[in-house]
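Residue-level structure breakdown
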Amino acid sequence: MSVTILKNGILIDGNGGEPIVNAAIAFEGEKILFVGGEKDLPSFGGKVEFIDAEGGTILPGFIDTHVHMMLEYEPVEQRLSTPFSYNFYKAIDYMKNTINAGITSVRDCGGTDAGVKQAVEKGLIVGPRMQVSITALTTTGGHGDSWTASGQTVKLLLDEYPGMPNGICDGVESVRKTVREVLRAGADVVKVHSTGGVLSPTDHPEFTQFSIEELKVMVEEARFRRGIKVMAHAQGAEGIKNAIKAGIHSIEHGIYLDDECIELMLENGTFLVPTLLAPVSVLELAEKAGMPEWGVKKAREAIDAHKESMAKAYRAGVKIAMGTDAGVMAHGTNLRELALMTEIGMTPMEAIVATTKVAAECMGWEDKVGTLEEGKLADIVICKSNPLTDIRSLENQENIRVVIQGGKVLKQSQAAFQATV
């Protein structure tokens, strides 16, 4: 097996420290062997291959902790006219676009089953390394219940097929059973809707769903018995507090945070995944994607409160991991989230750390991804620009020249060359 050396670049290792100029990384197979200055590069015997960063920036593979790999929002008539199995073939492009954007790991927050994850792991298709939640738990009439006033259901995400149970449950014992069904289906993380949401027909982001007792049962079944974390779609303050008090690991969206929410998050070490891009995208795609008027109205109401909540949480020191809700917007546009994070006060470096080191910690993968360090997986991105001076440059996929996942080059522009000695 040959050693591959990346050199002639500026290194941002994901830890938040000063970048290293004239940096080099060496890896063999899937593991990193060396990270540092090119002058300190050790000699490796045998076959060595080189990738020239050409003065660009070398970064860890980016991580999006909130995606839906089986979804890209479409008008109702298009969803209703799409054959069931066709959705899986469309997801192949979604995953490829995600990789091409430099996202090498994701946490899927509903709608993707264990078979899709396995297809990536076995190399049948190219896609990000995944944690999957299978399906989200929701109350009758809550966010995730696709019932409409006509009495029909028009689902955003597929469920009720082998490997994808329905997540609607009410009462402690029903909740316990549904968590067990989700775990049986292969969930790496349990997802719950503890409040209403923007893209659901019969509720509002500030509506509270599930009692603390029901939420505690989810944590008990998942974390205490299987070591699995629970994440909560939580937008209204009361539902956020209930989730934190129940021991839930991360709050997704967090649109209407108050001071008590933030204090509880700090006390409990709860992660916050903002998804600032989600309501922005609902407004941007309203006409093209046929977003329902009630969804557009709720998104418009949420945007300013969302920014204010995130800014307050950031200033208080809450742990913030990058997530986008990709699927609401097109996959591959994920890194637009970073510029939005800088708009609430984060520096470009802090935004990068949020989508590398902190995101890995949120997923419990800090021992293998998130930072460029010896012994970790060789998940590496090379971009043409310096994102510390232009964070928006990461939004352009053409700027992402090389993407390496576990030592495998999945994207390489013609400008980057490999030489063997």
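The structure reproduced in this document is the subject of the present report. (Residues numbered from 1 in each chain as written. Predicted model: local features only at pLDDT ≥ 70, side-chain atom pairs only at ≥ 80, totals over all residues. Heavy atoms only, no water.)

**Observations regarding the pattern of salt bridges**
Tallied over the full model, the rule gives 19 salt bridges. A salt bridge links Glu-220 to Arg-176; the nearest nitrogen and oxygen atoms lie 3.5 Å apart. Placement of Glu-220 in helix H5 (residues 212-226) and of Arg-176 in helix H4 (residues 172-184) is noted, with a sequence separation of 44 residues between them. Owing to a relative accessible area of 28%, Glu-220 belongs among the partly exposed residues under this scheme. One salt-bridge network, held together by shared partners, links Glu-173, Arg-176, Arg-180, Glu-220 and Glu-221. (Salt bridge = Lys/Arg side-chain N within 4 Å of Asp/Glu carboxyl O. Helix = DSSP H or I, 4+ residues; strand = E, 2+ residues; numbered from the N terminus. Buried < 20%, exposed > 50% of the residue type's maximum accessible area, 1.4 Å probe, protein only.)

**Brief notes about helix H6 (residues 237-245)**
Most of H6 sits inside the fold, with seven of its nine residues counted as buried. What H6 keeps buried is the set Ala-237, Gly-239, Ile-240, Lys-241, Asn-242, Ala-243 and Ile-244. Residues of H6 that are buried in the fold lie against H5, strand E11 (230-234), strand E12 (250-253) and helix H7 (259-268). Immediately downstream of H6, the backbone of Gly-247 shows phi near 95°, a positive value. (Contact = heavy atoms within 4.5 Å.)

**A look at unusual backbone geometry**
Of note, the phi angle at Ile-134 is positive, near 65°, even though the residue is not glycine. Mapped onto the elements, Ile-134 comes out in the loop between strand E8 (129-132) and strand E9 (136-137). The backbone of His-253 sits at a positive phi, close to 85°, despite the residue not being glycine. Take His-253: it is sitting in strand E12.

**Thoughts on the sheet that holds strand E6 (residues 62-67)**
Strands sit in the order E6-E7-E8 across an open sheet of three strands; the sheet is parallel. Where the open sheet ends on each side, the last strands, each with one partner, are E6 and E8. If you compare each strand with its neighbour and ignore which way they point, the axes differ by 15° on average. In this sheet, strand E7 (residues 103-108) lies alongside E6 in parallel orientation, the contact comprising four bridges. The residue bridging Ile-63 from the neighbouring strand is Ser-105, located in E7. (Pairing = 2+ DSSP bridges. Axes fitted to C-alpha atoms, helices over the stretch in contact; angles between N-to-C directions.)

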